[in-house]
Amino acid sequence: MGREIERHPRFPNRTNVSFVRPVDAHTIEVRIWERGAGETMSSGTGSSGAAATAVLRGCVSSPVRILTAAGPLDFRWTQSDMFLAGPAEIVAGGEYYFE
């Protein structure tokens, strides 16, 4: 379904898609479809947006544990800042040469 939403005519430049399921008062499960890349194991931006939206909609309360395919992330929203914590690892590398 992520592919279909990404390429829907309503999004002429395509879009990222997040599927969010509340698990309990402080936990959500997230699956993320990134524009041009397909389903990803995790995304800091997508996870933060999903958690913030779930808090605003009253589905969960901060702090929020975010369950992703790559493992859990922890999100906290104070009055003025949002924080995301979790593991990070390099999964690809490359070089770019300017000519």
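Please refer to the structure placed before this passage.
Since the structure is predicted, the reported quantities are computational estimates derived from the model, not experimental observations.

Caption draft 1: Local environment of the packing of aromatic side chains. By the definition in use, this model includes two aromatic pairs. Ring geometry for F75 versus W77: centroids 6.5 Å apart, planes at 75°, classification edge-to-face. What makes W77 partly exposed here is its relative accessible area of 26%. Each ring, one from Y96 and one from F98, has its centre 4.9 Å from the other, and the planes form 80°; the classification is edge-to-face.

Caption draft 2: Highlighting the side chain of S48. Within the secondary structure, S48 sits in helix α2 (residues 44–56). The residues touching S48, leaving out its near neighbours within four places in the chain, are F75 and L84.

Caption draft 3: Summary view of unusual backbone geometry. Between S62 and P63 the backbone carries a cis peptide bond, its omega angle lying at 5°. Looking at the element boundaries, P63 is found in the loop between α2 and β4 (64–68). Phi at R14 is positive, roughly 65°, even though this residue is not glycine. Along the polypeptide, R14 turns up in the loop between α1 (2–6) and β1 (17–24). With a relative accessible area of 31%, R14 lands in the partly exposed category.

Caption draft 4: Here's a closer look at the pattern of salt bridges. Tallying each qualifying case throughout the model produces four salt bridges. Between R21 and E29 there is a salt bridge, with the nearest N and O atoms lying 2.7 Å from each other. Since its relative accessible area comes to 30%, E29 is described here as partly exposed.

Caption draft 5: Molecular detail of the pairing of strand β2 (residues 27–34). With seven bridges connecting them, β1 and β2 associate as antiparallel partners. Pairing of D24 across the sheet is with T27, part of β2. For β2 and strand β3 (residues 38–40), the ladder comprises three bridges, and the chain directions are antiparallel. Looking at the pairing, W33 lines up with E39 of β3. Turn length for the β2-β3 hairpin, with the two strands adjacent in sequence and antiparallel, is three residues, and the turn residue G36 shows positive phi of about 80°.

Calculation rules
- Residues numbered from 1 in each chain as written.
- Predicted model: local features only at pLDDT ≥ 70, side-chain atom pairs only at ≥ 80, totals over all residues.
- Heavy atoms only, no water.
- Phe/Tyr/Trp six-rings, centres within 6.5 Å; stacked < 30°, edge-to-face > 60°.
- Buried < 20%, exposed > 50% of the residue type's maximum accessible area, 1.4 Å probe, protein only.
- Helix = DSSP H or I, 4+ residues; strand = E, 2+ residues; numbered from the N terminus.
- Contact = heavy atoms within 4.5 Å.
- Salt bridge = Lys/Arg side-chain N within 4 Å of Asp/Glu carboxyl O.
- Pairing = 2+ DSSP bridges.

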